[in-house]
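Residue-level structural notes
Next come the chains, spelled out residue by residue.
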Amino acid sequence: MNRGVTIEPWLREILRCPVTHSELVDGVDDGGEPVLVATEADAERGGRLQYPIRDGIPVFLVDEATVLPPEA
């Protein structure tokens, strides 16, 4: 349902992770749904945060974010 979500370029320029304040890049979760992924890890949580996109709207609630495992 959310596949193919696009975010306007001007908006992409100003969106940041609310925790690390790093840029966000496009990604997909384990179920194939689009997410926005922080480019920097959150030291407290031990990995990069990914935020879901629901009905075309990024959800920047930390409680809704998924922590990605650290890259080897």
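Right above here is the structure, for reference.
Our subject in this report is the structure included herewith. (Residues numbered from 1 in each chain as written. Predicted model: local features only at pLDDT ≥ 70, side-chain atom pairs only at ≥ 80, totals over all residues. Heavy atoms only, no water.)

Our focus in this paragraph is the pairing of strand 3 (residues 49-54). Along strand 3, five of the six residues are buried, which leaves the element largely enclosed by surrounding structure. Alignment of strand 2 (residues 34-38) against strand 3, held across three bridges, turns out to be antiparallel. Residue pairing for strand 3: Val 35 is matched across the bridge by Pro 52. Pairing geometry for strand 3 and strand 4 (residues 57-58), over two bridges, is antiparallel. Across the sheet, residue Arg 54 finds its bridge partner in strand 4, namely Ile 57. Linking strand 3 back to strand 4 in an antiparallel pair, the connection comprises two residues, with Asp 55 at a positive phi of about 55°. (Buried < 20%, exposed > 50% of the residue type's maximum accessible area, 1.4 Å probe, protein only. Helix = DSSP H or I, 4+ residues; strand = E, 2+ residues; numbered from the N terminus. Pairing = 2+ DSSP bridges.)

Now for the packing of aromatic side chains. One pass over the full model with this rule turns up one aromatic pair. Ring geometry for Tyr 51 versus Phe 60: centroids 5.3 Å apart, planes at 65°, classification edge-to-face. In this structure Tyr 51 comes out as buried when scored by relative accessible area, which is 0%. What makes Phe 60 partly exposed here is its relative accessible area of 25%. (Phe/Tyr/Trp six-rings, centres within 6.5 Å; stacked < 30°, edge-to-face > 60°.)

Looking now at the pattern of salt bridges. Applying the stated criterion to the full structure yields three salt bridges. Where Arg 12 meets Asp 26, a salt bridge forms, and the shortest distance between an N and an O atom there is 2.7 Å. Here Arg 12 is found in helix 1 (residues 9-14), whereas its partner Asp 26 is found in strand 1 (residues 24-28), with 14 residues between them in sequence. According to the relative accessible area criterion, Arg 12 is partly exposed, its value standing at 22%. (Salt bridge = Lys/Arg side-chain N within 4 Å of Asp/Glu carboxyl O.)

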